[in-house]
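Architecture at a glance
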Amino acid sequence: MQGNLPPEAQEKIEELQDLQEQAQQLAEQKQSTQTSLTEAQSALDAMEDIDEDSTMYREIGEILVETDYETAYDDLEEKVDTLGMRAERFDSQEEKVQQQFEELQQELQQMLQGGAGGGPAGMGPGGPGAGGA
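Residues numbered from 1 in each chain as written. Predicted model: local features only at pLDDT ≥ 70, side-chain atom pairs only at ≥ 80, totals over all residues. Heavy atoms only, no water.

Looking at the overall build of the protein
To be explicit about the condition: Runs of H or I in DSSP of at least four residues are treated as helices and runs of E of at least two as strands, each being numbered from the N terminus. We call a residue buried when its accessible area falls under 20% of the maximum for its residue type, exposed when it is over 50%, and partly exposed in between, using a 1.4 Å probe and counting protein chains only. Contacts are assigned to residue pairs that have any heavy atoms within 4.5 Å of one another. Areas reported as accessible are Shrake-Rupley estimates using a 1.4 Å probe. Residue values count occlusion only from the protein chains shown.
Counting its regular elements, the protein contains two helices and two strands. Counting every position in the protein, which comprises 133 residues, the buried fraction comes to 28%. Once local pairs closer than 6 in sequence are excluded, the contacts in the protein between residues at least 24 apart make up 70%. Summing over all exposed atoms, the protein offers an accessible surface of approximately 9200 Å²; the carbon and sulfur share of this is 43%.

As C-alpha cells, this is what we get:
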C-alpha cells in the first residue's frame, strides 16, 4: 500500500514508525528504572528493621566493602531520589512522544482524506504506547 502513497505520506509513516520505536525504547528504559527504584526502595525499607550498629557491606564492582549504617542509608536514599526523578523524566518524555505521534497521525490522516482512504496498516488508534507499557 505504501507504494501508492504520495512521498509526503510515506515520509509521515516513516516518522510515525520512528516515534513508535522511540516510545518502545522509552518504555523499556522506564521499566528498568522502575524495577531499580522498587529494589532500592525495598532495601531502604528493610534498613528500617536493621540495628544501626550492625556491620554492613556494599558492593563495589566485584567486591564487598564494609560501610557504616548511616552511609549505606544515605546512599540508598540518594539512589531512590535519583531513580524517582529519572522515572518522572521518562513519564514526561513518553507524554511528549505520544503527543508528537498523535499530531503526526492527524497530519497523515488529513493528507490521506479524499485519497487512499483509511490510515496506514498497523497504525491503529492509541499511538505508540497503546497496549500497556
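Let's talk about the packing of aromatic side chains
To keep it simple, the criterion reads: Pairing of aromatic rings covers Phe, Tyr and Trp, the last counted by its six-membered ring, and requires centre-to-centre distances within 6.5 Å; plane angles under 30 degrees mean stacked, over 60 mean edge-to-face, and any other angle means tilted.
Here the structure, examined in full by the defined rule, presents one aromatic pair. Ring geometry for Y69 versus Y73: centroids 6.0 Å apart, planes at 15 degrees, classification stacked. Residue Y69 and its partner Y73 are both found in helix α2 (residues 69–112); the two are separated by four residues, about one turn of the helix. For the pair shown, Y69 and Y73 are each scored as buried.

Regarding the pairing of strand β1 (residues 56–60)
To keep it simple, the criterion reads: Any two strands between which DSSP finds at least two bridges are classified as paired.
As defined by bridge partners, β1 adjoins strand β2 (residues 63–67) across five bridges and the pair is classed as antiparallel. Residue pairing in the sheet places R58 in a bridge with V65 of β2. Hairpin connection, β1 to β2: the antiparallel pair is bridged by two residues, and G61 has positive phi, about 65 degrees.

Looking at the layout of surface pockets
Cut-off, in case you're wondering: Cavities and pockets were defined on a 1 Å grid built from protein atoms only: a cavity is a group of points that admits a 1.4 Å probe but offers it no way out, a pocket is an open group of points flanked by protein on both sides within 12 Å along at least five of seven lines, and a lining residue is one with an atom within 4 Å of any such point. Grid points are joined across faces, edges and corners, and a volume is the space filled by probe spheres set on the points. Following the grouping adopted for this structure description, the nonpolar residues are Ala, Val, Leu, Ile, Met, Phe, Trp, Tyr, Cys and Pro, the charged ones are Asp, Glu, Lys and Arg, and the polar ones are all others, Gly among them.
Approximately 270 Å³ is the volume found for the largest pocket. Of all elements in the fold, only α1 (7–47), β1 and α2 reach the threshold of two or more residues within the lining of the largest pocket. Considering every element that reaches the lining of the largest pocket, the biggest residue donor is α2, with four residues. The residue inventory of the lining of the largest pocket, partitioned by class, reads six nonpolar, one polar and three charged.

Here we look at the environment of E70
Along the chain, E70 falls in helix α2. Accessibility expressed as a relative area gives 55% for E70, which makes it exposed. Considering only alpha carbons, one finds E70 and E52, 18 residues apart in sequence, at a separation of 7.6 Å.

Brief notes about α2
This is how it is decided: Expected span, for any helix, means 1.5 Å times one less than how many residues it has. Under the rule applied, a polar contact is a pair of N or O atoms within 3.5 Å (in protein, one hydrogen donor and one hydrogen acceptor; residues adjacent in sequence only if both atoms are side-chain atoms).
A rise of 1.5 Å per residue sets the reference length of α2, with its 44 residues, at 64 Å; its end C-alpha atoms lie 64 Å apart and thus fit the reference within 8%. The N-capping residue of α2, defined by a side-chain oxygen 3.3 Å from the backbone nitrogen of E70, is D68.

Focus: the nonpolar core
Short version of the rule: For the purposes of this section, nonpolar cores are sets of buried Ala, Val, Leu, Ile, Met, Phe, Trp, Tyr and Cys residues that join through side-chain atoms within 4.5 Å.
Counting residues in hydrophobic clusters, the biggest one holds 13 residues, and the most contacted among them are L5, A9, L16, L19, V97, L108 and L112. Where this core is concerned, the elements lending two or more residues are α1 and α2. One finds L37, Y69, L76 and L83 within the second-largest nonpolar core, a separate group that totals eleven residues.

Observations regarding the side chain of K12
With respect to the helices, strands and loops of the structure, K12 is situated in helix α1. When residues no more than four places from it in sequence are discounted, the contact partners of K12 are L104, E107, L108 and M111.

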